[in-house]
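Summary of structural features
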Amino acid sequence: MSNLKIAKQLPFKILIKRILKRIFPSKKIDYTLEDIRRSASNYTVNSLLNITDFKISSNPEIISCYLKHEFDLLGSGWVSRNSTRELNLADEHQFFSENLSQNIGGGYQLINWQLDVASGFSFRANKQFDDQIIDKSKNVDIKNCWELGRLQHLPQMAIAAITAENKEELIIEFKNQSIDFIVSNPIGMGVQWACAMDVGIRLANWLVAYDIFKQVDSTNILNDKFTLILTDAIYQHALFIYNHLEHKEGAAGNHYLFNLVGLLFATNYLSIKDETLEWRAFAEEEIEKEFEKQFFSDGGNFEGSTTYHCLSAEAMLYATALMLRNGKKLSKNYIDLLGKSAQFIKDVIKPNGEMPQFGDNDSGRLFKFLPESSLLNYESLLAGFSGLFGGKETTFVEQKIIEQISKNTKIVAPISLEKKKHQIRNAKHQLQKPTTTEIKFANDINTDEIKLYAYDEFGIYVFKSAQFYLAISTISNKKMHHSWGHVHNDKLSFDLQVNGIDMVKDPGTYTYSAFPDKRNEYRSSKAHHGIVVKGIDQNKEFGLVYLEREITCKVLEIKGLTITLQANYYGVEHTRKFTILDNQLIVTDYCNKPYKVNINKFEEYSPIYGVSQKRD
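Attention in this report is confined to the structure presented alongside it. What you see as residue numbers is a count from 1 along each chain, following the sequence as written. Local features in this predicted model are restricted to residues of pLDDT 70 or higher, and side-chain atom pairs are both shown and tallied only at a pLDDT of 80 or more, whereas totals for entire chains, interfaces and linings draw on every residue. Hydrogens and waters are ignored; side-chain quantities use all the structure's heavy atoms.

This part is about the sheet that holds strand 8 (residues 468-473). Taken together, five strands build an open sheet; the order of strands is 6-7-8-9-10 and the sheet is antiparallel. A strand with exactly one partner marks an edge of an open sheet, and here the two such strands are strand 6 (451-455) and strand 10 (501-504). Averaged over all pairs of adjacent strands, the angle between their axes in this sheet comes to 15°, without regard to strand direction. By the bridge criterion, three bridges tie strand 9 (residues 494-498) to strand 10 in an arrangement that is antiparallel. The partner of Val 498 across the bridge, within strand 10, is Ile 501. Residue contacts follow a heavy-atom distance rule, with two residues in contact if any of their heavy atoms lie within 4.5 Å. A fitted line through C-alpha atoms represents every axis, and for helices the fit uses only the stretch in contact; the resulting angles, taken between N-to-C directions, go from 0 to 180 degrees. Helix and strand assignments follow DSSP, with helices taken as H or I runs no shorter than four residues and strands as E runs no shorter than two, numbered in order from the N terminus. Contacts between helix 13 (residues 332-348) and the sheet are confined to strand 6, strand 7 (460-464) and strand 8, with strand 7 contributing the most and set at about 50° to the helix. DSSP bridges decide pairing: two strands pair if at least two such bridges lie between them.

Below, the discussion takes up the packing of helix 10 (residues 254-269) against helix 11 (residues 274-294). Contact pair helix 10 / helix 11: the axes reach a minimum separation of 9 Å and the direction vectors enclose 150°. The crossing of helix 10 and helix 11 is left-handed. Together, Asn 254, Tyr 256, Leu 257, Leu 260, Leu 263, Leu 264, Thr 267 and Asn 268 of helix 10 and Thr 276, Trp 279, Arg 280, Phe 282, Ala 283, Glu 284, Glu 286, Ile 287, Glu 290 and Gln 294 of helix 11 make up the contact between the two elements. For this classification, the nonpolar set comprises Ala, Val, Leu, Ile, Met, Phe, Trp, Tyr, Cys and Pro, the charged set comprises Asp, Glu, Lys and Arg, and every other residue, Gly included, is treated as polar. The residue makeup of the contact of helix 10 with helix 11, split by class, is nine nonpolar, five polar and four charged. Note: crossing handedness is left-handed where the near helix turns anticlockwise from the far helix by less than a right angle, and right-handed where it turns clockwise.

Note on placement: Leu 470 falls in strand 8. Exposure is judged per residue with a 1.4 Å probe applied to protein chains only, and the accessible area is read against the type maximum: over 50% gives exposed, under 20% gives buried, and values in between give partly exposed. By relative accessible area, Leu 470 is classed as buried at 0%.

Core analysis: the largest hydrophobic core is formed by 182 residues, its most contacted members being Phe 213, Phe 265 and Phe 494. Filtering out sequence-adjacent residues up to four positions away, Phe 265 remains in contact with Ala 204, Leu 207, Val 208, Tyr 318, Leu 322, Leu 366, Phe 367 and Ile 405. Residues belong to one nonpolar core when they are buried, are Ala, Val, Leu, Ile, Met, Phe, Trp, Tyr or Cys, and are joined through side-chain atoms within 4.5 Å.

Before going further, it helps to examine the packing of aromatic side chains. Here a Phe, Tyr or Trp ring, Trp counted by its six-membered ring, pairs with any other such ring whose centre lies within 6.5 Å, and the pair is stacked when the planes are under 30 degrees apart, edge-to-face when over 60, and tilted otherwise. All chains considered together, the criterion is met by 32 aromatic pairs. Taking 5.1 Å as the distance between ring centres and 35° as the angle between the ring planes, the aromatic pair formed by Tyr 43 and Tyr 235 counts as tilted. Here Tyr 43 is found in the loop between helix 2 (12-23) and helix 3 (60-67), whereas its partner Tyr 235 is found in helix 9 (residues 224-243), with 192 residues between them in sequence. Counting every residue linked through ring pairs, the aromatic cluster contains Tyr 43, Tyr 235, Tyr 242, Trp 279 and Phe 282. Each ring is checked for a lysine NZ or an arginine CZ that lies within 6 Å of its centre and within 35 degrees of its normal; such an atom marks a charge sitting over the ring. One Lys or Arg, Arg 365, reaches over the ring of Tyr 378 and ends 4.1 Å from the middle of that ring. Over the face of the ring belonging to Tyr 453 we find Lys 464, whose NZ or CZ atom lies 5.6 Å from the ring centre.

Function cannot be inferred from these measures alone, as they are strictly geometric.
Below, the structure written as structure tokens:
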């Protein structure tokens, strides 16, 4: 039944392509065969960065954890990822790995890259990535392994090595961990190759880390032999991505963006050859196409999620910087859209720099150069955009890295990053038998400073000042990704922050596959701050990444600091009016069916993916 529903939601051309692919499947690559490996002996790795411009500090306690192979990923807490068993590889890879492992320093303990520490389930490195069998009784979350395999801690270690007294220890650890990954994860084998998006993220982080480490390596720890090993791994990563693009017969999403960004990093760092030029040209052409497909004209992303907007915008930021490095000429429409995507983030984030969690949030980033106090904070991403658009100087390393990657090529955003006009609507409407909710503030606010930021296509309305923040979700554009896979049933729900205190906040996501019931509970109407009509959710879910796309939303009126909106779904007509006063927010609800107001009723909250806690 779910497959039939999916088929109905697919664009017709995509459906036909998928049917043809089922009938005429492409030949599967067998990664247990040694003769599939192409030689990378003629390649070298270039440098794109200049660390003398970096003025940053690191957290020595966290770096110390990385040296002990302790990682805090997706709510795991700081746990050791050291392997307690021998490597179990396919016979075809045993000799290669044993030979390579001789380059690992003495006393180093291998990391278990295949273990989901939350469930205790281990994937198998002796099985190809598409031949893994998951024990569904153990609540396995494959993302737990992928997060480790993104190697996002390596740039953090590299940045620390710039000023650290134990610089050589960090360089040796980078060398050992790099060879460890290559030895423990033969190309195409095990969980770390199951998603080409994560291969692309790993590729970018590995290259940036090597670039920085190589510059601080005064004793040649990263010698020619290691560089050859790493160069081969980088090449094999790029080749794997090119052979496993996640374009889904043209109905692509954020995964495909990161496939392309991975290729761009590889082809900018690797020496220029016919093959790398082919990959680069392909990636640049596809990035331009996908940008227009995946972002609305108002700058919002089509995944239907505020944090996925930031994730995809980060991909576009680095892709653009890499293209500018090569002298790529970007169209006015492209630059305009990139400016709007940055403007969206600036307008929608709260005064404290955090993004409301409308839609899914898997806490994903391309880079995590410094440990964030909150993974909901996106000020560093805005700093990265400043590196491209020529904004004010910040202390974030992202700004310098973007400037250096792009060779300090500046582009002019066609819109101001400080102001954005919004459209005022006036329409007749009437509330009958309303329910009124008053949310009083501890201290009065200055309402004269509040501005409205309206994103009609994406579906979000934000009233904001230094003291006050109200964001309302109407995310329901039928032109979003066909699955609505990252959309939640949060229409007319809202986030409210007053004087730095969150008074109403979206519950987040918590999980995807590990706990299916929790997954659907967190994205249901009852988890959000709207209304609940017994037996009717805003959109019916099927599977873990699909919704039925039933609901429609519209603005009835905007007048000063009052906004009235309406949501319609399965015969339900819900009208909600927000009135901002200096001492309170008044929320007025009307519905044509019996309902209950659901503000602050859901008892759980997920600040990052993998964590569920009691709501404050």
